[in-house]
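Structural overview for review
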Amino acid sequence: MQLNGNTLKSDFSSSIVVFLVALPLCLGIALASGAPLFSGIISGILGGIVVGSLSGSNKSVSGPAAGLAIIVLNAIETLGAWEVFLMAVVLSGLLQIVLYIFKAGFVAELFPNSVIKGMLAAIGIVITLKQIPHALGRDTDFEGEYEFFQIADGENTFSEILRAIETMSLGALIITVLSLAILIFWEKVVSKQKNFISSIPGALVVVVLGISLNEFYHNYFPSMELLGEDDHLVTLPVFSTFEGFKNALAFPDFSALLRLDVYIVAVTLAIVASLETLLNVEATDKIDPEKRSSDTNQELLAQGVGNTISGLIGGLPITSVIVRSSANVYSGAKSRLSTILHGFWLVSTIALLPQWLNKIPLASLAAILFIVGYKLASIDLFKSMYRKGKDQFYPFLITIIAIVFTDLLIGICIGLVIGFIFVVFRNYHSALTVVKDENYYLFRFNKDVSFMNKAKLKTELGKIPDNSFLILDAHKAQFIDNDIIDILEDFSLNAKSKNITIEYIHIDLRKSL
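Description of the structure in this document. Predicted model, so just to flag it, every value in this text is computed and none were measured. (Residues numbered from 1 in each chain as written. Predicted model: local features only at pLDDT ≥ 70, side-chain atom pairs only at ≥ 80, totals over all residues. Heavy atoms only, no water.)

**Re the overall build of the protein chain**
Looking only at helices and strands, the protein chain has 20 helices and 6 strands in total. Taken over 513 residues, the protein chain has a buried fraction of 54%. Within the protein chain, contacts between residues at least 6 apart in sequence are counted, and of these 79% link residues at least 24 apart. When the accessible surface of the protein chain is summed, it comes to about 22700 Å², and 64% of that surface belongs to carbon and sulfur atoms. Taking the average location of the 37 positive side-chain charges in the protein chain and that of its 45 negative ones, the two points are 9 Å from each other. (Helix = DSSP H or I, 4+ residues; strand = E, 2+ residues; numbered from the N terminus. Buried < 20%, exposed > 50% of the residue type's maximum accessible area, 1.4 Å probe, protein only. Contact = heavy atoms within 4.5 Å. Areas by Shrake-Rupley, 256 points an atom, 1.4 Å probe, with all protein chains shown as cover. Lys, Arg positive; Asp, Glu negative; His and termini not counted. Charge placed at Lys NZ, Arg CZ, Asp CG, Glu CD.)

The structure is reproduced here in structure tokens:
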């Protein structure tokens, strides 16, 4: 991690933006998971400081993940106690370290770019849709719930937006609109200046504005005030003494090591958390302006260590998280220092300034996330994928639709299946070229030929009439499946009776013909 003046300035500024985005997400995901609120903060701190220090990625930010919320909720209920679940988190971390030893990070390379880019665009759309209610002052659903069907209030993404329009708060709307105007102005104008003000993150200005406006409402327009008891504000646990902080920590029940169901949960967490991490790291690399490649095996080690410690002191499972990572990239981070610093901001502000943090309106944070969502799902990305052709655009588009209407992991699986179908379809049609000139035929294998090309090959061979001349040219193919060789051998044996002459180029048949 090489640091200089410009890097420090960019990372410092970016870390504040990530901190402001991460804070409500840590709390919201803990709430969605049925876990103590403070467990989300613990995992956010560890995701920043511990995972950030060991990470194989320059821009990825880790913490509690919305994609694991349902798994965690069900696991706590199944295992019967929070302390027993923490033992499963510890074991899942150790399993991730085992995955690092076996260099399982290569799994990230198995996902097509069209699916990864579809995931990025989908997350951008989901962020935008999910923040609309918060922007309008409807905060019945918690931050960080990105599934289409919402646990908190039984609504879905679109019905929640309709309810938000019906119950719109003028106070929240004013904060959102002014915040968006400031963020756009800050990015287009202020950030390009060479003065002290340009070093102040626009997100910080927006947060200060939101707190100030809400205080103004309190004093002069009480009906417009956004209240914490109505869930309109960030809600952090406040510890008046160190003893209170200590009591908020929880520790695993080591007697649970004798329970089989704990190991089942641990394996589930390790697999899902590792998969989500590898996908998010790969996606973060795609939007990194410097196009640096992450060490995915090193990332598995970082996540494993982070989850082991998180389980030991009462935190939620940790993964790389695309919302925080994209906020990190788009706010100008240069190195892992931004990720590490955001962890320290979580520690220091929770210890020193919890009352002030609890004055931040969720409408202010919605404006920040609107900008992140827009950049992830930009029109330019859709145009770029469309120009690449239907075999890239359709998996990209279907992945987006699947994620928006289900959740991240289900959507990715659907995108992968569609991507695989397009690969098979493209390979089926492009692996073999047939050229005909009267009774002369040329079969050219353009690439590696597998069993998937059997049907097309047999059909084309069956069209060759008696008394023809056939050239089988495989000089461009590095691999020919045994199933293809079998078809060629069988055809060659029958060709003699039909007076078909065959010339082989770079093909060695095994049978004596």
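**Topic: the sheet that holds strand β3 (residues 432–437)**
Adjacent strands of a sheet pair through backbone hydrogen bonds, lying either parallel or antiparallel. If you walk across this open sheet you meet the 4 strands as β3-β4-β5-β6, and the pairing is mixed. Looking at which strands have only one partner, the edges of the open sheet turn out to be β3 and β6 (501–505). Neighbour-to-neighbour, the strand axes of this sheet turn through a mean angle of 15°, independent of strand direction. Here 5 bridges tie strand β5 (residues 469–473) to β6, and the two strands are oriented parallel to one another. Looking across to β6, one finds that isoleucine 471 is bridged to glutamate 503. (Pairing = 2+ DSSP bridges. Axes fitted to C-alpha atoms, helices over the stretch in contact; angles between N-to-C directions.)

**Considerations on unusual backbone geometry**
Of note in the backbone geometry, lysine 103 takes a positive phi value of approximately 55° without being a glycine. Mapped onto the secondary structure, lysine 103 falls in the loop between α4 (82–101) and α5 (113–135). Positive phi, close to 55°, is recorded for lysine 291, a residue that is not glycine. Mapped onto the elements, lysine 291 comes out in the loop between α10 (260–287) and α11 (296–313).

**Some words on the pattern of salt bridges**
If you walk through the whole model with that rule in mind, you get 12 salt bridges. Close ionic contact of arginine 163 with glutamate 155 constitutes a salt bridge, the shortest N to O distance being 3.3 Å. The class of arginine 163 is partly exposed, set by a relative accessible area of 31%. Note that arginine 292 and glutamate 290 form a salt bridge whose closest N and O atoms lie 3.3 Å from each other. The class of glutamate 290 is partly exposed, set by a relative accessible area of 40%. Put simply, Lys59, Asp288, Glu290 and Arg292 are held in one network by salt bridges that share partners. (Salt bridge = Lys/Arg side-chain N within 4 Å of Asp/Glu carboxyl O.)

**With respect to α5**
If you check α5, its first and last C-alpha atoms are 32 Å apart, about what 23 residues at 1.5 Å a residue would give, namely 33 Å. Counting buried positions over the 23 residues of α5 gives 19, a clear majority of the element. Looking at the residues trailing α5, positive phi occurs at glycine 137, about 90°. (Expected span 1.5 Å × (residues − 1).)

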